[in-house]
Amino acid sequence: MAAGELLQAPLEELCAEARRLRASGKGSLVTYSPKVFIPLTTLCRDICGYCTFARPPRRGQRAYLSLDEVVEIARAGAAAGCHEALFTLGDKPELRYRVAREELAALGCETTVDYLARAARLVLAETGLLPHLNPGVMTRQQLAGLRTVSASMGIMLETVSDRLSLRGGPHHASPDKLPAARLETIEAAGALDIPFTSGILIGIGETRAERIEALLALRALGERGGHVQEVIVQNFRAKPGTRMADAPEPSLEEHLWTIAVARILLGPDWNIQAPPNLAYDDFPRLLDAGINDWGGVSPVTIDHVNPEAPWPEVERLEQATRSRGLELAPRLPLYPEYATDLERWCDPAVARAVRRRLDGLGLAREDDWAPGEVAPVPERFARTFTGVRAADPAVRAALAREELDEDDVVALCRARGDDRRAVLGAADALRREVSGDTVTYVVTRNIQYTNVCYFRCGFCAFSKGKLAANLRGPAYLVPLEEIVRRCREAWERGATEVCLQGGIHPAFTGEFYLGVVRAIREALPELHVHAFSALEVWQGAATLGLPLEAYLRQLRAAGLGSLPGTAAEILDDRVRRVICPDKVSTAQWLEVHRTAHRVGLRSNATIMFGHVEGPRSWARHLLAVRELQRETGGLTEFVPLPFVHMEAPIALKGLARRGPTFGETLLLHAVARLALHPLVTNVQASWVKAGPEGVASLLRAGVNDLGGTLMNESISRAAGSEHGQELPPERMEALIRACGREPRQRTTLYGEVPDDRRKASFGAAPLEEPRNPRAREAGLRAPGRLVRPGLAPTPAR
């Protein structure tokens, strides 16, 4: 619509179009920022006719909050679950008040912005809260300095009308409210890649046409810089004691008109906010005009700018949002579009703090759960998920399809609230249809034969060596006789499978893997050998100069029974370049498993999620697995592996998230069930990563298999998992029965377990202490050249 049409169009028509645009760009999600409000100073050189925040100095009172006071407020916010520390303050008070200049000098600061930078840096370091800074008009140099200590900044444009700064206007005697100065600050922020908030203030004497002009100015700035992350449409409220105490306030209809016009002018992808507290009990109606964000809401501090208008409780926000068929979600002070591109939009030090609070959608983490940690499952996920209908049309459409495409999978992976519960319920219903109420598991022993590796996977806390982060314990190499002894001990304890994997020792060639399999087969011909990731197979074939198929046939003839699906990580090379740049590529991983299936070896497929990737990568991974299974039929199960972050190098460096949230963990298992149906019929949960309580919830979200009892587990434990190394059959079956399901021991290939094996697995004797000799004691020497998949061989160092 043209500006003239907007001025004449009926309100209902504008709101309907605004809602349509919001739905096309934002789906059903409405966000808010849990924040704590820090009024660093209420002194200001400007004298706005409507403002009660700015006050002249009072005898005996400090001009600025002390750093201790700032941190105390921030800590209260952090304890209450806030993510944002909103610093609001008057503009350049040192230019008007001597007390401000003197106090700044005593603090060793020249300007208020200098002190703000110090306070923001301290809050970030001491509490982890993400500063959002509103210091007013700034120079490019000031903006650049504050960028290093904040996640985002903002300045309200308010208006582009110069006449409002004339005598008698609301901005008279307020030089920092001149539109040109504010526009210049916003433009400079764009040149510096600062996620920036702005907006307009309505009802202070401007015309509707002037509001449109201001919105178009913000649109132009945002299109040039890409940095205007939200536009606030704020309504004037008259306050006693101000020059505008008796000025008429804009009606709700006037506010709704302006919001709807903002959505229409700015389009579907912009974030548009209106403060709920300034609409009082009518705040739910703001949704009808097309907003997709409620702004910052604090559980611990008042709105110091509008102290007469308390924020509604989050529960009321959620009720209002859901009453419109929308879902509420917390966000960070920078929006998802910016939080998922931190290399551009954040200083590296700030980006590390952002990632600690980030989920896979770029929103704020909705729970404190992390894979591997012993922590309760969030209460909202402790119940069944049946009987819920999705609100989002994209989610409903995906759930109705027989086969999902990439966009369908993305829509399901982005589901929140009732949409997510509908996805989880659909997966559980499909699990019941395919697998009934039986939950399977296998009695197995994990053997990680070495933690020496010359690859540099950023997520791996297990490997040791010159190219690995040297974390837990010394480098070791298990001798062949010890591998066989552990296999024999596992057999005596009822195992039907042994799972072998390890680092890629620089001395290994394909003969090492062949030798391991032959030794086990000779000693225990009935024990199924489930061994070697795609990386180990690729490296083994390359070191012997053999084609993959020839080498895999040798492994099968030597006694290999099947391949684990590890080393898949994320089958999206854009992600792999970040987390495992020298590992097998997506195409190479798929080729190993395709070839294995061709020579008669079955395998499973895994996904490791919750680090640097997101829903689009999850979708590509799932569809790559589905197409492989359509082609070969060789996959036995799909295994989502939540990223355990505690000791992972990429997380310790602040370059990855804290693993998936519990909601994301549930969702990925559920979406895997739906996306892979009917080709892959078994979806497995990792009890090592999810824990027994987490497993109970996963069994209601599409999971029908709990994997192995393990006996020993080193990789998740090295990354920080606290859930132990063994879940013996007694505990495994008790856990399954406690969930109302029927346990069944299985073989690797989902066959029936002989009675003697099952009997031997119960009441098993304790394990002997494994022997892990230091790697240098093995006397292995590296060959002259190290093989790296997809790259030219690199001389050993």
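Structural data are supplied above this passage.
Every value quoted in this text rests on a predicted model; they were computed, and no experiment measured them.

**Regarding the overall build of the protein**
- Helix and strand counts for the protein stand at 29 helices and 20 strands.
- In terms of C-alpha radius of gyration, the protein reaches 30 Å, essentially the compact-globule figure of 28 Å for 797 residues.
- If you line up the protein on its principal axes, its C-alpha atoms span 95 × 55 × 45 Å.
- Out of the 797 residues belonging to the protein, those deemed buried represent 62%.
- Roughly 30000 Å² of accessible area belongs to the protein as shown, and the carbon and sulfur atoms make up 50% of that amount.

**A few points about the nonpolar core**
- Core analysis: the largest hydrophobic core is formed by 124 residues, its most contacted members being L500, W589 and L706.
- For this core, the element with the most residues is helix α25 (residues 662–676), which contributes ten residues.
- Not counting residues up to four positions away in its chain, the partners in contact with L706 are V439, T440, Q684, A685, W687, V695, L699, M732, L735 and I736.
- By size, the runner-up hydrophobic cluster in this structure holds 88 residues, among which are L21, F87, L221 and W311.

**Details of the sheet that holds strand β17 (residues 705–708)**
- If you walk across this open sheet you meet the three strands as β17-β10-β18, and the pairing is parallel. With one partner strand each, in any of the chains shown, β17 and β18 (742–745) form the two edges of the open sheet. Ignoring which end each strand starts from, the neighbouring axes of this sheet average 20 degrees apart.
- Relative to β17, strand β10 (residues 438–442) is paired through two bridges, and the arrangement is parallel. Each bridged residue has a counterpart across the sheet, and for V442 the counterpart in β17 is G708.

**Remarks on the pairing of strand β3 (residues 130–134)**
- The element β3 is extensively covered by neighbouring structure, given that four of its five residues are classed as buried.
- As judged from the five bridges shared by strand β2 (residues 84–89) and β3, these two strands associate in the parallel manner. Residue pairing for β3: L86 is matched across the bridge by H132.
- Note that β3 and strand β4 (residues 152–154) share two bridges and pair parallel.

**Quick notes on the environment of R383**
- With respect to the element layout, R383 can be found in the loop between α13 (348–356) and α14 (393–400).
- Note on R383: relative accessible area 43%, which makes it partly exposed.
- R383 sits 193 residues away from G190 along the chain, and the two C-alpha atoms are 46 Å apart.
- Ignoring any residue separated from it by four or fewer positions in sequence, one finds R383 in contact with R421 and R700.

**Points about helix α23 (residues 615–632)**
- Between its first and last C-alpha atoms α23 spans 26 Å; for 18 residues at 1.5 Å apiece the expected length is 26 Å, and the two agree.
- Taken as a whole, α23 has its buried residues at P615, S617, W618, A619, H621, L622, L623, A624, V625, R626, L628 and Q629.
- The inward-facing, buried residues of α23 contact α15 (406–413), α21 (573–579), α22 (586–598), β15 (602–609), β16 (635–642) and α25.
- G633 sits one or two positions beyond α23 and adopts a positive phi of about 65 degrees.

Thresholds, definitions, all that
- Residues numbered from 1 in each chain as written.
- Predicted model: local features only at pLDDT ≥ 70, side-chain atom pairs only at ≥ 80, totals over all residues.
- Heavy atoms only, no water.
- Helix = DSSP H or I, 4+ residues; strand = E, 2+ residues; numbered from the N terminus.
- Rg over C-alpha atoms; globule rule 2.2 N^0.38 Å.
- Buried < 20%, exposed > 50% of the residue type's maximum accessible area, 1.4 Å probe, protein only.
- Areas by Shrake-Rupley, 256 points an atom, 1.4 Å probe, with all protein chains shown as cover.
- Core = buried A, V, L, I, M, F, W, Y, C linked by side-chain atoms within 4.5 Å.
- Contact = heavy atoms within 4.5 Å.
- Pairing = 2+ DSSP bridges.
- Axes fitted to C-alpha atoms, helices over the stretch in contact; angles between N-to-C directions.
- Expected span 1.5 Å × (residues − 1).

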